[in-house]
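# Residue-level structural notes
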Amino acid sequence: VVISRNDGTGFYCCNNSAPVLNSVNINNNLNGGVYCLNASIRVFNSGIGNNKSYSGAGVYLSNSGAYFRNVNIMENVTPGGWYSGTGGGVYSINSDPVFIESAISNNVSGKDGGGIYCAGSTLYIAKSEINGNKGAVGGGLFLDQTEITLLNVEVSGNSANMAGGAYIKQSEAE
């Protein structure tokens, strides 16, 4: 399945929905790849790339659960400038994303969290890579009031004006 070139969000879920996506490519959408509000999404063996949005160009999560396994989130962009967004690859607020055997790479944020931006969330990442992402603060990861667990994760080649790898504020890391 390909979800591509939409003048809006590629895939939107809300209101306690629980979609499961397998072998899906979500790319080149103009208001983000995946947007979840009060939902629980599971994504397997998929790619989310080349999407644009003001926040969470690849994946946007608000009050949601999310499970990603063998998913590549790459080359998504939030713009710079006065109204710049956060979370080039992933934006998570009050959510619980899980990434296993996945890659978050070459995403760009005009503000915070080139790869992943998390606030008030619980983030779990295992056997994954966060590399080549760019943001003003926290090139790879920007965490604010977030509990994070990293197991066998490579964070490399990310860049930012402050904290190229990870910026952690009022958060607990394990």
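Here the residue numbers are simple positions, counted from 1 along each chain's written sequence. The predicted nature of this model means local features are confined to residues of pLDDT at least 70 and side-chain atom pairs, given and counted, to a pLDDT of 80 or more, with totals for whole chains, interfaces and linings taken over all residues. As a rule here, side-chain values come from all non-hydrogen atoms in the structure, and water together with hydrogens is ignored.

To continue, consider the pairing of strand E9 (residues 90-93). As defined by bridge partners, strand E7 (residues 59-62) adjoins E9 across four bridges and the pair is classed as parallel. Within E9, the position partnered with valine 59 by the bridge is valine 90. Should DSSP find at least two bridges between two strands, the strands are taken to pair. Secondary structure elements are defined from DSSP: runs of H or I of at least 4 residues count as helices, runs of E of at least 2 residues count as strands, and each element is numbered from the N terminus. Sheet topology note: the E9/strand E12 (residues 116-119) ladder contains four bridges and is parallel. Looking at the pairing, tyrosine 91 lines up with tyrosine 117 of E12.

Glancing now at the nonpolar core. In terms of nonpolar packing, the biggest core is built from 29 residues, with Ile41, Phe99, Ile116 and Leu123 touching the most fellow members. Listing elements by their share of this core, those giving two or more residues are strand E2 (11-14), strand E5 (34-37), strand E6 (40-49), E7, strand E8 (65-74), E12, strand E13 (122-131) and strand E15 (141-144). Here, residues are in contact when the closest pair of their heavy atoms is within 4.5 Å. If we ignore the near neighbours within four places in the chain, the residues touching isoleucine 41 are Phe11, Cys13, Pro19, Leu21, Val34, Cys36, Gly65, Ala66 and Tyr67. Side-chain atoms within 4.5 Å are what join buried Ala, Val, Leu, Ile, Met, Phe, Trp, Tyr and Cys residues into a set we call a nonpolar core. A simple rule labels every residue: compare its accessible area, found with a 1.4 Å probe on the protein chains alone, to the largest value its type can have, and call it buried under 20%, exposed over 50%, or partly exposed in between. Membership of the second largest hydrophobic core comes to six residues, among which are Tyr60, Tyr117, Val137 and Phe142.

Pairs were defined over the aromatic rings of Phe, Tyr and Trp, the Trp ring being its six-membered one, requiring ring centres within 6.5 Å. Orientation was assigned from the angle between planes: stacked under 30 degrees, edge-to-face over 60, tilted for the rest. Tallied over the full model, the rule gives eight aromatic pairs. Seen in terms of ring centroids, tyrosine 35 and tyrosine 60 are 4.4 Å apart; in terms of plane orientation they differ by 5°. Their pairing is stacked. Here tyrosine 35 is found in strand E5, whereas its partner tyrosine 60 is found in strand E7, with 25 residues between them in sequence. When the centroid spacing of 5.8 Å and the interplanar angle of 50° are considered together, the rings of phenylalanine 44 and tyrosine 67 count as tilted. Here phenylalanine 44 is found in strand E6, whereas its partner tyrosine 67 is found in strand E8, with 23 residues between them in sequence. Look at phenylalanine 44 and you get partly exposed, because its relative accessible area is 21%. Grouped by ring-pair contacts, the aromatic residues Tyr12, Tyr35, Tyr60, Tyr91, Tyr117, Phe142 and Tyr167 constitute a single cluster.

Our next topic: the pattern of salt bridges. Each salt bridge in this description consists of a side-chain nitrogen of Lys or Arg and a carboxyl oxygen of Asp or Glu lying within 4 Å of one another. Here the structure, examined in full by the defined rule, presents two salt bridges. A salt bridge links arginine 69 to glutamate 101; the nearest nitrogen and oxygen atoms lie 3.5 Å apart. Taken as a pair, arginine 69 in strand E8 and glutamate 101 in the loop between strand E10 (96-100) and strand E11 (103-105) lie far apart in primary sequence, 32 residues in all. Residue aspartate 144 pairs with lysine 169 through a salt bridge whose shortest N-O separation is 3.9 Å.

Cysteine sulfur atoms that pair up within 2.5 Å are treated as a disulfide. Enumeration over the complete set of coordinates arrives at one disulfide. With a sulfur-sulfur separation of 2.5 Å, cysteine 13 is cross-linked through a disulfide to cysteine 36. Given an S-S torsion of about 75°, the disulfide between cysteine 13 and cysteine 36 has right-handed geometry. In this pair, cysteine 13 is assigned in strand E2 and cysteine 36 in strand E5, connecting sequence segments 23 residues apart. The pair formed by cysteine 13 and cysteine 36 is uniform in burial state, with each residue classed as buried. Looking at the unpaired cysteine 14, the closest cysteine sulfur is the one in cysteine 13, lying at 7.4 Å. With no disulfide of its own, cysteine 118 has cysteine 36 as its nearest cysteine by sulfur position, at a separation of 14 Å.

Keep in mind that most residues, glycine aside, have a negative phi and that most peptide bonds are trans. Even without a glycine there, the phi angle at glutamate 75 is positive, about 60°. Along the polypeptide, glutamate 75 turns up in the loop between E8 and E9. Since its relative accessible area comes to 39%, glutamate 75 is described here as partly exposed. At lysine 127, a residue that is not glycine, the phi angle is positive and equals roughly 50°. In this structure lysine 127 comes out as exposed when scored by relative accessible area, which is 54%.

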